[in-house]
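One letter stands for each residue in the lines below.
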Amino acid sequence: MNTYVTHPANRHSSGSGRLPLEPLRIELSTTFSKPLCLVGAPDSKNGSENSAVWGVVAADGRWTTFRVENNELFSVKIASPLEEVWRAPPFLSIDESGRADLSVNAIVSINDLVMAAALSDIENVPDALTVIGNGDTLYSFSGPTERYPHGALGDRIEWGELVAFSKGDVRNKQRFKLASVDVFEGLFPLLADLDGDGRDEVITTVSSSSNGSRLVVFAHSENGLHVIAESDTIGTGFRWLHQIAVGPLGPNGETEIAVVKTPHIGGVAEFYRLAGCKLEIVASKAGGYMSHVNGERNLDKAMTGDFDGDGHVEILVPSRDQKTLVALRRVGNTVEEVWELPLGSRLATNLTTLESANGTIILSAVTEDGALLIWQ
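What you are looking at is a predicted structure, and each value in this text was computed from that prediction instead of being measured.

(A) Seen up close, the pattern of salt bridges. Scanning all chains against the criterion turns up 19 salt bridges. Measuring nitrogen to oxygen at the nearest pair gives 2.6 Å for the salt bridge that ties D300 to R11. Placement of the pair is D300 in the loop between β21 (278-286) and β22 (303-306) and R11 in the segment before β1 (12-16), with a sequence separation of 289 residues. Residue class for R11 comes out buried when judged on its relative accessible area of 5%. Here R346 and E368 are joined by a salt bridge, their closest N and O atoms 3.6 Å apart. Remark: E368 occurs in the loop between β27 (361-366) and β28 (371-375) and R346 occurs in the loop between β25 (334-342) and β26 (352-355); sequence separation between them is 22 residues. Residue R346 is classed as partly exposed on the basis of its relative accessible area of 27%. When salt bridges that share partners are traced, they join D308, D310, E314 and R329 into one network.

Rendered as structure tokens:
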């Protein structure tokens, strides 16, 4: 079974930040090579508003945790490889004594056999992840298929179905099956309230060999899953849309979807807005942004949030060479680059954000040369 813990997969951070700043740099190269995944959790038990624990997992499964308080490295724990095979980001927990541990499949208690059976019944292996929306409803892709051999996300397996069910009624699953020419090209759907009605919509990327990708939005009710809006297709087969986040991205705080079109080729930042049964592009910028590396499973290298604390939301995306994070902001009918964060080396992991006790966004990433960078 694969899970995404309690994450709605919407890479939008609340709070506000103080970027751009010089980051705290922690060297990992002497600990292990090939960092792959980064997770974090606030460490409120220490009483400091900027205290947090960070966990880094290497490609071989070995992991390390760091406690950082007020820009000072407080303690380090080096552990053996994770015992279970992990595909979703591991879950970082801190107990009452301050001990930090990483675990996988944390959504399911080892004794919750009903939930375990329900997740196994989804047929989302080898790599679709389960996300949780409001009302404790779970969503995942299902129906593995190789009818669209793009392989952008690491293998040729994509998905023919979208599945939804409640944690309170795991036996009653609702499914939406795509036409035989289409697939869901992703590892998980994105959940967000797109129309302002207080309920999550389900945002997906659907692809075909003839027309490439388009965004498709679903509503979920007791009557099942049904399409409420779509974007135009890219128009060329084997061209992908990387959906990043939904948030108040518009110049006046309008709700928009941020994506990067063809991140492996052109890297165009695009912003969509719901207009009836249509998703319309309201702004774009062809900057060569590489929010995803072809063949990787890491879909979390870009995020949105008010990172500089000016009251406007930015999307933070890697440059083409992966050595810089570029902040983009919607201004009028356009998109502008407003500042950059040099990394010093290529980005190796996902971006991770935490919100401190005073509402400040803390951003972190790990680079290929083995540096954990923390901006707070």
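Read on, since the account is not over.
(B) Focus on the packing of aromatic side chains. This model, assessed by the stated rule, comprises 4 aromatic pairs. The interplanar angle of 5° and the centroid separation of 5.0 Å between the aromatic rings of Y148 and F238 together place this pair among those described as stacked. A residue pair is termed long-range when its members are at least 10 positions apart, and Y148 in the loop between β10 (137-145) and β11 (158-166) and F238 in the loop between β17 (224-230) and β18 (241-247) qualify at 90 residues. Judged by its relative accessible area of 1%, Y148 is buried. Taking relative accessible area as the criterion, F238 reaches 31% and is therefore assigned partly exposed. Ring geometry for F176 and F218: centres 4.8 Å apart, planes at 70°, overall edge-to-face.

About the thresholds
- Residues numbered from 1 in each chain as written.
- Predicted model: local features only at pLDDT ≥ 70, side-chain atom pairs only at ≥ 80, totals over all residues.
- Heavy atoms only, no water.
- Salt bridge = Lys/Arg side-chain N within 4 Å of Asp/Glu carboxyl O.
- Helix = DSSP H or I, 4+ residues; strand = E, 2+ residues; numbered from the N terminus.
- Buried < 20%, exposed > 50% of the residue type's maximum accessible area, 1.4 Å probe, protein only.
- Phe/Tyr/Trp six-rings, centres within 6.5 Å; stacked < 30°, edge-to-face > 60°.

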